[in-house]
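Chain by chain, the residues:
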Amino acid sequence: MLDPKIIKEKPELIRKMLKDRNSDFDLDSLISLDAKRRELIIKTDELRKKKNTVSVEIAQKKKSGQDASSAIAQMQQASQELITLEEEQKKTDSDYEKLILTIPNFIHESVPIGQDETANLEIRKFGAIPQFDFSVKDHIDISQNLDLVDLERAAKTAGARFYYLKNGLVRLNQALIHFALDYLEQKQYVLVQPPYMINQKSMEGAIIAQDFQDVIYKIQDEDLFLIGTSEHSIASMHSDEILEGKDLPIRYAGVSPCFRKEAGAHGRDQKGIFRVHQFEKIEQYVFARPEESWKEHERMLAVAEEFYQKLEIPYRVMLLSSGDMGKISAKTYDIEAWMAGQNAYREIVSCSNCLDFQTRRLKIRFRDKTNEQTQYMHSLNSTLVATTRTLVAIMENFQTKDGHIGIPKALQKYLGSSAI
RNA sequence: GCAGAGGUCGCCUAGCUCGGUAGGGCGCGGGCCUUGAGAGCCUGUGUGCGCAAGCACCCGGGGGUUCAAAUCCCUCUCUCUGCGCCA
């Protein structure tokens with residue numbers, strides 16, 4: 001959510017952002033609803049003031065034994081008027097609220113303006129692309145040959161985009177999680193295993209309504225939604241709280257399964273475990289002081305890059321364009337890992353600064369002294385590792401001529417072996 | 001799941017029986033006093049609208065009764081205690 005004051009005072013900033021995002025958001029409706037909302041506040045406040053005055057009068061008259069009936073009549077009339085106005089106000093407020101929650105976030109000045117991913121900028125590359133003296137397989141062939149993944153039976157029991165991991169890949173998945181947790185803990189992150197289901201209010205704090213439909217699974221007859229990432233749980237963890245400035249930044253390492261509908265992804269990455277409904281993810285989630293959030297953003301990216309360097313996975317860092325970026329992010333870097341079986345770089349990390357967009361929705365504030373004005377802090381999130389995609393990268397990049405999989409040195413002690 | 005007790009301003013607490021402007025303490029800010037510090041005293045301390053003066057709102061959420069609700073009624077939710085069930 002954006003600051004209502006900025007929308008009111010500098011609508012031209014919002015218009016530019018909407019244009020850069022190719023958004024068809026109806027700003028004029030929002031502005032007129034806001035005007036109507038404020039007009040109603042003034043009117044109802046006046047009526048309440050009248051009621052308060054008359055109420056005191058009634059109390060005094062009753063106390064001294066005078067007749068209060070004319071004052072009571074006034075009171076009844078004012079109450080009636082107020083009920084009508086309050087209904088209108090409720091409706092206006094709710095319309096306004098719905099609309100303001102769907103405006104996308106501001107865009108940082110360093111973000112390239114463009115329609116889609118073709119306008120993304122490559123920032124840097126790391127690692128040499130592996131060369132093979134045999135014909136390269138993709139992760140589907142490799143995992144089928146080694147009995148590491150059963151997609152057919154998963155399709156039978158759950159549907160497309162599900163999988164049974166088996167044998168060494170179960171261990172490798174756990175090894176990645178274990179390694180990632182050790183890595184972030186050593187960097188002083190607070191480890192968090194959050195609720196895997198959260199209520200609607202919390203979910204709305206973390207994402208924009210329309211994403212519900214495309215991404216989020218709902219639990220039947222309960223006010224509960226399966227999280228799409230631990231970001232959703234951790235964002236709302238401090239909702240309605242006022243934290244102490246001295247505690248910032250707070251860096252969380254979230255570990256959880258992630259559940260995604262992947263609606264609208266028909267046909268893309270249809271096979272294998274690259275794009276699935278369920279996977280494990282270790283996430284960086286940071287609450288920072290506003291003036292430090294851009295520094296934190298670069299820091300989180302560096303933490304993620306170092307992780308893939310340790311895993312010996314070649315990657316490139318992309319700066320997403322205004323048209324390719326998520327609505328809640330002001331700036332997003334993606335890390336794309338080289339995947340030998342696809343002969344391409346594919347997204348494995350997304351690192352975003354959301355400014356005060358989430359914290360404003362969730363009322364997460366801080367202050368340095370108890371009587372100081374509170375401020376919204378900034379929130380940032382970045383993948384450290386989404387296990388299935390990294391498993392794909394390892395399987396494809398570390399495949400051997402005899403059809404097995406080598407293991408990156410950093411993972412060997414967690415796996416207990418150097419090959420699968 | 002059942003029963004009981006609770007949720008009041010950043011924190012603690014009074015007020016609820018019997019409806020009439022939510023009081024006190026702590027913490028923190030500003031001021032007075034002081035050579036300085038401390039103590040003491042004064043004052044401020046959440047949200048909204050407004051250029052401002054100021055006004056309105058805020059007692060876990062929602063609804064009801066009433067001229068008027070922290071207070072009475074209903075409902076939901078969370079916490080605690082006991083019982084039950086359970087990996």
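As shown above, the structure is provided for reference.
Calculation notes
- Residues numbered from 1 in each chain as written.
- Chains lettered and ligands numbered in written order.
- Predicted model: local features only at pLDDT ≥ 70, side-chain atom pairs only at ≥ 80, totals over all residues.
- Heavy atoms only, no water.
- Helix = DSSP H or I, 4+ residues; strand = E, 2+ residues; numbered from the N terminus.
- Pairing = 2+ DSSP bridges.
- Salt bridge = Lys/Arg side-chain N within 4 Å of Asp/Glu carboxyl O.
- Buried < 20%, exposed > 50% of the residue type's maximum accessible area, 1.4 Å probe, protein only.
- Contact = heavy atoms within 4.5 Å.
- 1 Å grid on protein atoms, 1.4 Å probe; cavity = no way out; pocket = protein on both sides within 12 Å on 5 of 7 lines; lining within 4 Å.
- Points joined across faces, edges and corners; volume = space filled by probe spheres on them.
- Nonpolar A, V, L, I, M, F, W, Y, C, P; charged D, E, K, R; others polar.
- Axes fitted to C-alpha atoms, helices over the stretch in contact; angles between N-to-C directions.
- Disulfide = S-S within 2.5 Å.

Student: Please clarify how unusual backbone geometry should be interpreted in this entry.
Tutor: When glycine is set aside, most residues are seen to have a negative phi, and most peptide bonds are trans. Along the chain, Leu-248 connects to Pro-249 via a cis peptide bond; the corresponding omega equals -5°. By secondary structure assignment, the location of Pro-249 is in the loop between strand E7 (241-244) and strand E8 (250-259). Look at Asp-240: it is not a glycine, yet its phi comes out positive at around 60°. Tracing the backbone through its elements, the reader meets Asp-240 in the loop between helix H10 (230-237) and E7.

Student: Would you mind going over the sheet that holds E7 with me for this structure?
Tutor: An order of E7-E13-E14 is seen for the 3 strands of this open sheet, with the pairing classed as mixed. Edge positions in the open sheet fall to E7 and strand E14 (375-376), since each of these has one partner strand only. Examined bridge by bridge, strand E13 (residues 364-367) and E14 share 2 bridges and lie antiparallel to one another. Across the sheet, Arg-365 pairs through a bridge with Tyr-376, a residue of E14.

Student: For this particular structure, what's the right way to read the pattern of salt bridges?
Tutor: Side chains that carry opposite charge are capable of pairing whenever their charged atoms lie near each other. Per the stated rule, a full pass over the model turns up 27 salt bridges. Linking Asp-20 and Lys-16 is a salt bridge whose minimum nitrogen-to-oxygen distance equals 2.8 Å. Of the two residues, Asp-20 and Lys-16 are both situated in helix H2 (residues 11-20); the distance of 4 residues between them amounts to about one turn of the helix. Owing to a relative accessible area of 11%, Asp-20 belongs among the buried residues under this scheme. Ionic pairing is found between Glu-39 and Lys-43, a salt bridge with its closest N-O pair at 3.9 Å. Taken as a pair, Glu-39 and Lys-43 lie in helix H3 (residues 27-63) at a separation of 4 residues, close to a single helical turn. Given a relative accessible area of 40%, Lys-43 falls into the partly exposed group. It is possible to trace a salt-bridge network through shared partners that takes in Glu-122, Lys-125, Arg-316 and Glu-336.

Student: Help me understand the environment of Phe-398, please; the structure alone is not making it clear to me.
Tutor: Within the fold, Phe-398 resides in the loop between helix H13 (387-397) and helix H14 (409-415). Note: C-alpha distance between Phe-398 and Ile-58 (340 residues apart in sequence) is 84 Å. Beyond its immediate stretch of four places on either side in the chain, Phe-398 contacts Leu-311, Glu-312, Ile-313, Ala-393, His-404, Ile-405, Gly-406, Ile-407 and Pro-408.

Student: When you look at the layout of surface pockets in this model, what are you seeing that I'm missing?
Tutor: Left-over empty space is what a probe sized like a water molecule reveals as it rolls over the atoms. A volume near 440 Å³ is recorded for the second largest pocket. Residue lining of the second largest pocket: 18 residues in total, with Met-1, Arg-360, Arg-361, Leu-362 and Lys-363 positioned closest to the centre. Elements supplying a minimum of two residues to the lining of the second largest pocket: helix H1 (4-9), helix H8 (200-206) and helix H12 (357-362). When residues in the lining of the second largest pocket are grouped by element, the largest group, 4 residues, is from H8. Looking at the lining of the second largest pocket, its residues break down into 5 nonpolar, 4 polar and 9 charged.

Student: For this particular structure, what's the right way to read the pairing of strand E12 (residues 344-353)?
Tutor: Along any regular strand the residues' side chains alternate between the sheet's two faces. With respect to burial, E12 is a largely interior element, 7 of its 10 residues being buried. Note: strand E11 (residues 331-339) against E12, 9 bridges, orientation antiparallel. What sits directly across from Asp-334, in E12, is Ser-350. Taken together, E11 and the strand that follows it, E12, pair antiparallel across an intervening segment of 4 residues, in which Asn-343 is found at a positive phi of about 55°. With 3 bridges connecting them, E12 and strand E15 (residues 378-386) associate as antiparallel partners. Within E15, the residue paired with Ser-352 across the bridge is Asn-381.

Student: Could you clarify how one ought to interpret the sheet that holds E15 in this entry?
Tutor: An order of E1-E10-E11-E12-E15-E9-E8-E4 is seen for the 8 strands of this open sheet, with the pairing classed as mixed. Whereas interior strands pair on both sides, the edge strands pair on one side only; in this sheet they are strand E1 (121-126) and strand E4 (190-192). Within this sheet the neighbouring strands show an average axis-to-axis angle of 25°, counted without direction. Pairing between strand E10 (residues 315-319) and E11: 5 bridges, direction antiparallel. Each bridged residue has a counterpart across the sheet, and for Leu-319 the counterpart in E11 is Tyr-333. Sitting on the sheet, H10 touches E4, E8, strand E9 (278-288) and E15, and the angle it makes with E9 is about 30°. Across the sheet, helix H11 (residues 293-310) is in contact with E1, E8, E9, E10, E11, E12 and E15; its angle to E15 comes to roughly 5°.

Student: Please clarify how the state of the cysteines should be interpreted in this entry.
Tutor: Here is the idea: a disulfide is a covalent bond, and it sits between the sulfur atoms of two cysteines. Going through the model one piece at a time under the given rule, you end up with 0 disulfides. Not engaged in a disulfide, the cysteine Cys-351 finds its nearest cysteine sulfur in Cys-354; these two sulfurs lie 10.0 Å apart. Under the relative-accessibility criterion, Cys-354 is labelled buried at 0%.

Worth remembering: the numbers are spatial, not functional.
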